[in-house]
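The residues making up each chain are set out below.
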Amino acid sequence: MKYLFTICLVFCCVLGMAQVQFKSGKSGFTNFLRDNTIYPQFSKDNCIQGTVNVSFKLDENGKVYFSKISKGILSELDEEALRLVRLSSGKWQVPAGYDTTVSIVAPVKFQLSGYNCEGKSNDEIQEAIRNYQAEEGLTNSVINFYKNIDQAKPGQEIQIMAIKNQLGIDDEYLDDRIKMGLKKIKQDDKQGACEDFLFVKYMGSKKADDYLAKYCK
């Protein structure tokens, strides 16, 4: 196993309220997450691990209608935890009279095994986190440029290309992002897949255009 993904649940509900359950059984949610998680590439490459707390609410049909991060680590890990909770929608069994305003808090623990992370110092990991956070602003500047390319000034795209090179966003990187999106399609997560395909588009590439046309109308 290249990585281990575990989760535990803390139910924040009124004392005495019957507990919601995953339809496939007591360990169903844990198994569901183990089978469906896609460990984000940067975090995997840099041994970034830890716990993301996700708060979510269920309607009377066991569908997730609200979710948010209550304690995060890094945006890509936070987003994956949210995606998985969203993907679990409809797989929950709630008791009669369930209070749908109650929040369920899921501490989602990301843990890597088999990536030589034991030799990675905490200082190195923290430096990687700082670098990621610093580069997020540059990535957003690229996205905003291509979203509004009709308003681009002459010569501006040259600067954007330089930023992409600095970030290491090349054809291989974009191909990997498309593969990630296709994995999500297999999980019946069109929303997550379309977010990946749109990311490729807003990196100035046409590589994902066919997938956008097929899945994201």
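Refer to the structure printed above.
This structure is a prediction, so every number in the text was calculated from the model and none was measured.

**Q** Even after reading the chapter, I still don't get the state of the cysteines, so can you show me in this structure?
**A** Two cysteines, two sulfur atoms, one covalent bond between them: this is a disulfide. Applying the stated criterion across every chain yields a total of two disulfides. Note on cysteine connectivity: Cys47 is disulfide-linked to Cys117, with sulfurs 2.2 Å apart. Measuring handedness by torsion sign, the sulfur bridge of Cys47 and Cys117 sits at about -85° and is left-handed. Of this pair, Cys47 sits in the loop between helix H2 (41-45) and strand S4 (50-58) while Cys117 sits in the loop between strand S7 (104-112) and helix H4 (122-147), and the two are 70 residues apart along the sequence. For Cys47, a relative accessible area of 4% gives the class buried. With relative accessibility at 11%, the residue Cys117 sits in the buried group. Disulfide pairing places Cys194 opposite Cys216 at an S-S distance of 2.0 Å. Taking the sign of the S-S torsion, -100° for the link of Cys194 and Cys216, the bridge is left-handed. Here Cys216 lies in the segment after helix H8 (209-215) and Cys194 lies in helix H7 (residues 190-201), a separation of 22 residues in the sequence.

**Q** Help me out: how do you make sense of the packing of H4 against helix H5 (residues 156-167) in this one?
**A** Working note: a packed helix pair is described by the angle between its axes plus the distance between those axes. The geometry of H4 relative to H5 is characterised by a closest axis approach of 10 Å and an angle of 140° between their N-to-C directions. For H4 against H5, the interelement crossing comes out left-handed. Here Glu135, Leu138, Thr139, Ser141, Val142, Phe145 and Tyr146 of H4 come into contact with H5, specifically with Gln156, Glu157, Ile160, Met161, Ile163, Lys164, Gln166 and Leu167. For the contact of H4 with H5, a count of residues per class yields eight nonpolar, four polar and three charged.

**Q** Got a minute to help me understand the pairing of strand S5 (residues 64-71) in this structure?
**A** The side chains of a regular strand alternate, first on one face of the sheet and then on the other. As paired elements, S4 and S5 share six bridges and run antiparallel to each other. In the sheet register, Asn53 faces S5, and the bridge partner there is Lys71. Counting the residues in the hairpin turn of S4 and S5 gives five residues, including Gly62, whose phi is positive at 80°.

**Q** How should the layout of surface pockets be read in this particular structure?
**A** Once rolled over the atoms, a probe with the size of a water molecule shows which space is left empty. Here the largest pocket is characterised by a volume of approximately 1400 Å³. Along the walls of the largest pocket sit 40 residues, with Glu76, Tyr132, Tyr173, Arg177 and Phe199 positioned nearest its centre. Within the residue set of the lining of the largest pocket, elements represented by two or more residues are H2, helix H3 (75-87), H4, helix H6 (171-186) and H7. In terms of residue count, H4 provides more of the lining of the largest pocket than any other element does, eight residues in total. Residue assignment places the lining of the largest pocket across two domains, with domain 1 (21-112) and domain 2 (120-216) each supplying three or more.

Rules used in this analysis
- Residues numbered from 1 in each chain as written.
- Predicted model: local features only at pLDDT ≥ 70, side-chain atom pairs only at ≥ 80, totals over all residues.
- Heavy atoms only, no water.
- Disulfide = S-S within 2.5 Å.
- Helix = DSSP H or I, 4+ residues; strand = E, 2+ residues; numbered from the N terminus.
- Buried < 20%, exposed > 50% of the residue type's maximum accessible area, 1.4 Å probe, protein only.
- Axes fitted to C-alpha atoms, helices over the stretch in contact; angles between N-to-C directions.
- Left-handed = near helix turned anticlockwise from the far one by under 90°.
- Contact = heavy atoms within 4.5 Å.
- Nonpolar A, V, L, I, M, F, W, Y, C, P; charged D, E, K, R; others polar.
- Pairing = 2+ DSSP bridges.
- 1 Å grid on protein atoms, 1.4 Å probe; cavity = no way out; pocket = protein on both sides within 12 Å on 5 of 7 lines; lining within 4 Å.
- Points joined across faces, edges and corners; volume = space filled by probe spheres on them.
- Domains from an automatic or database assignment.

The quantities given are spatial measurements derived from coordinates; they are silent on function.
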